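Breakdown of the fold
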Amino acid sequence: MADFRRFGRIIQGCSATLTMRLYALIAAGFFALLAALPLAAVAQGNPLGLNAEEIRLILRHGPWPAPWATDASNRVSGKPAAIAFGEQLFFEPRLSGTGTVSCATCHVPERNWADGRKLGVALGEGDRNTPTVLNVRYHRWFGWDGAQDNLWAQSVRPLLDAKEMGASERHVARWVRGDTALACGYRQAFGQAPATDDETLMIDLGKALAAFQETLVTGRTLFDDFRDAVARNDWKAAAAYPATALRGARIFMGKGNCSLCHFGPQFSNGEFHEIGIPIVRKSGGIDWGRYQGIKLLRASRFNLLGTYNDDKTQATAQFTRHIDLAPQTFEQFKVPGLRNVALTAPYMHNGHLATLRDVVRHYSEIDLTQLHQAHIYAGDVYAQAVPTDSVLQPLKLRDAEIDDVVAFLETLNERAPKRFQRSAKVIKNKC
Ligand code: HEC
Ligand code: HEC
């Protein structure tokens with residue numbers, strides 16, 4: 001309408017005759033009527049032509065940020081002093097055995113808290129791609145194989161890994177006790193002097209690191225605006241969502257079956273599946289994925305069934321108590337969340353695919369003979385590449401459809417990324 005009024009004024013400016021003004025008025029009325037027509041359509045359905053099932057699926061991928069409660073397994077979860085202490089630890093190279101690498105070496109704030117490499121590299125090159133630590137507060141399992149069931153145990157794992165930070169309980173515990181500022185940070189976070197037992201102290205550092213990481217959440221996206229507009233029945237606002245992304249969303253949630261695994265506000269069911277990514281490690285041998293992850297998780301003293309869980313009711317341990325080392329867990333990896341996914345190439349547990357287009361093409365042309373089945377041979381379990389019952393089928397998407405899915409995935413990027421600023425609340429030596 002505003003445009004048309006301007007058009008009317010232009011006409012008036014050009015010619016002052018009464019007839020012209022009359023024509024302009026008639027034309028204005030006609031265009032106003034045209035503009036009102038889609039509104040009438042909204043009353044009956046919606047101008048985007050989404051059916052009830054599509055609307056239901058779109059709504060399931062929000063709201064964002066999703067509600068979150070502090071972690072009962074971590075007594076300092078959500079505590080400001082622990083968050084500040086955890087932030088300091090996250091950027092602290094002295095935590096590593098050599099004093100040269102920190103968590104931020106691989107989880108780089110400017111790279112969406114990942115590293116842009118195929119495989120994580122700190123003191124050595126690892127076997128897996130570095131996932132982002134954004135939105136980890138919503139996860140149930142940690143690591144590509146879910147070898148940890150809580151964020152604090154996941155946060156001490158790299159400290160002890162020779163290829164990551166190459167430290168030991170001894171090293172980190174002595175260092176925190178011996179450094180007045182850090183011991184002070186610990187005291188402020190935990191309300192007591194650093195524990196005398198090395199392992200207990202190291203786990204507490206994990207808990208402070210977890211408290212900090214719980215604050216790292218991706219911002220609102222174009223998709224969230226669209227989803228909320230649909231929820232409000234505000235079709236005018238929903239129409240601002242790019243047409244190509246909308247077509248992609250329909251493939252993602254419809255014939256592409258993507259949202260069978262990538263669903264919910266994080267675009268992940270939080271569980272494990274196999275999608276036919278090669279499993280031979282660069283350093284040799286096979287990455288057994290979830291099968292090995294379950295074994296490691298069960299064997300870990302730091303799981304939620306152990307004594308370091310601050311939730312004495314152990315309600316937090318219910319999922320760990322019921323995991324099953326089933327043969328189909330072979331070669332399964334955690335379904336990654338897809339928020340900001342366009343910023344974290346390369347993709348998959350081993351960085352096997354370089355671009356989002358490659359990922360969508362992988363699903364489009366998936367070779368079902370690359371999916372594995374577990375067998376027991378002479379008492380030993382092994383995996384063989386044979387077609388399994390799978391929800392995955394080659395989608396045979398046209399190039400334009402692949403473009404649409406990629407365009408949709410790009411609308412999961414936060415709209416107004418905020419540059420991460422180190423907190424001004426650095427730990428001061430004032431205990
Ligand atoms: C060598 C680079 C490297 C360093 C240094 C590193 N990480 Fe990681 N991080 C990784 C990789 C690779 C994974 C995936 C591990 C796996 O699947 O086994 C990971 C996984 C994680 C996860 C789980 C994310 C998820 O989606 O499951 C968290 C949380 C995490 N790291 C936090 C930390 C913290 C805290 C530190 C510092 C104490 C740290 N990382 C240091 C590379 C690194
Ligand atoms: C059967 C469950 C399942 C389905 C269906 C599925 N995915 Fe995935 N997706 C996964 C798993 C598991 C991974 C990680 C696999 C790995 O690393 O080996 C993954 C990885 C990805 C990644 C890489 C993310 C990253 O950070 O590395 C993208 C992007 C993705 N999927 C998009 C899609 C799209 C698009 C579709 C539909 C065409 C789809 N997925 C269908 C389970 C699924």
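Not measured: the values here are computed from a predicted model.

For the rest of this paragraph, the subject is the overall build of the protein chain. Counting its secondary structure elements, the protein chain contains 16 helices and 4 strands. Within the span of the protein chain, comprising 431 residues, buried residues form 46% of the whole. Contacts in the protein chain between residues at least 24 apart in sequence constitute 72% of all its contacts with a sequence separation of at least 6. Of the roughly 21,300 Å² of accessible surface on the protein chain, 57% is carried by carbon and sulfur atoms.

Let us look at the coordination of the iron atom of ligand 1. When four donors bind a metal tetrahedrally, each ideal donor-metal-donor angle is 109.5 degrees, and when six bind octahedrally, the ideal angles are 90 or 180 degrees. A lone protein donor contacts the iron atom of ligand 1, and this donor is H107 (NE2), found at 2.1 Å. Tracing the sequence through the fold places H107 in the loop between helix 5 (103-106) and helix 6 (151-160).

A word on the coordination of the iron atom of ligand 2. For the iron atom of ligand 2, the full set of protein donor atoms is H262 (NE2) and Y363 (OH), at a range of 1.9 to 2.0 Å. Considering all 6 donor atoms around the iron atom of ligand 2, angles at the metal cover 86 to 179° and the coordination shape is octahedral. Of the two residues, H262 sits in the loop between helix 12 (243-253) and strand 1 (272-273) while Y363 sits in helix 15 (residues 356-364), which places them 101 residues apart along the sequence.

Turning to the site of ligand 1, a few remarks are in order. Neighbouring ligand 1 are 27 residues; C103, C106, H107, G143 and K334 lie closest to it. One of the side-chain nitrogen or oxygen atoms of E164 is found 3.4 Å away from a nitrogen atom of ligand 1. Of all the secondary structure elements, the ones that give two or more residues to the shell around ligand 1 are helix 5, helix 6 and helix 9 (198-213). Ranked by residues supplied to the shell around ligand 1, first place goes to helix 6 with 5 residues.

Turning to the nonpolar core, a few remarks are in order. Generally speaking, soluble globular proteins have nonpolar side chains that are buried together. Grouped together as the largest cluster of nonpolar side chains are 46 residues, with contacts concentrated most on F85, L89, F90, L95, W113, W152 and F302. Secondary-structure elements contributing two or more residues to this core are helix 4 (80-90), helix 5, helix 6, helix 7 (169-178), helix 8 (180-190) and helix 9. Here the element with the most residues in this core is helix 9; it accounts for 9 residues. Viewed by domain, this core spans two of them, domain 2 (80-213) and domain 3 (237-410), each represented by three or more residues.

Okay, helix 15 next. Note that an α-helix has 3.6 residues per turn; residues three or four places apart therefore point the same way. Of all the residues in helix 15, the buried ones are L356, V359, V360, H362 and S364. In this structure, the buried side of helix 15 is in contact with helix 16 (399-410).

We now examine the confidence of the model for the protein chain. Taken residue by residue, the protein chain gives an average pLDDT of 87. The fraction at 70 or more is 84%. Contacts from residues 1-44, a stretch scored under 50 in pLDDT, to residues over four places away or in other chains number 13 contacts.

Moving on to helix 8. Every buried residue of helix 8 is listed here: L182, A183, C184, G185, Y186, A189 and F190. Those residues of helix 8 that are buried lie in contact with helix 4, helix 7 and helix 9. Capping the start of helix 8 is the job of one residue whose side-chain oxygen sits 3.0 Å from the backbone nitrogen of A181: D179. Looking one or two residues past helix 8, G191 carries a phi angle of roughly 70°, positive in sign.

Cis rather than trans, the peptide bond between G62 and P63 has omega equal to -5°. In this structure, P63 sits in the loop between helix 3 (52-60) and helix 4. Along the chain, A345 connects to P346 via a cis peptide bond; the corresponding omega equals -5°. In this structure, P346 sits in the loop between strand 2 (333-334) and helix 15. Phi angles above zero are rare outside glycine, and N233 is one such case at about 65°. You can see N233 is positioned in the loop between helix 10 (222-231) and helix 11 (235-238). If you check the backbone angles, N340 has positive phi at about 60° while not being a glycine. By secondary structure assignment, the location of N340 is in the loop between strand 2 and helix 15.

About the cut-offs
- Residues numbered from 1 in each chain as written.
- Chains lettered and ligands numbered in written order.
- Predicted model: local features only at pLDDT ≥ 70, side-chain atom pairs only at ≥ 80, totals over all residues.
- Heavy atoms only, no water.
- Helix = DSSP H or I, 4+ residues; strand = E, 2+ residues; numbered from the N terminus.
- Buried < 20%, exposed > 50% of the residue type's maximum accessible area, 1.4 Å probe, protein only.
- Contact = heavy atoms within 4.5 Å.
- Areas by Shrake-Rupley, 256 points an atom, 1.4 Å probe, with all protein chains shown as cover.
- Donors = N, O, S within 2.8 Å, 3.2 Å for Na, K, Ca; no water.
- Tetrahedral: all angles 85-135°; square planar, octahedral: opposite > 155°, others 65-115°.
- Near = heavy atom within 4 Å.
- Polar contact = N/O pair within 3.5 Å; in protein donor to acceptor, adjacent residues only side chain to side chain.
- Core = buried A, V, L, I, M, F, W, Y, C linked by side-chain atoms within 4.5 Å.
- Domains from an automatic or database assignment.
- pLDDT = per-residue confidence, 0-100.

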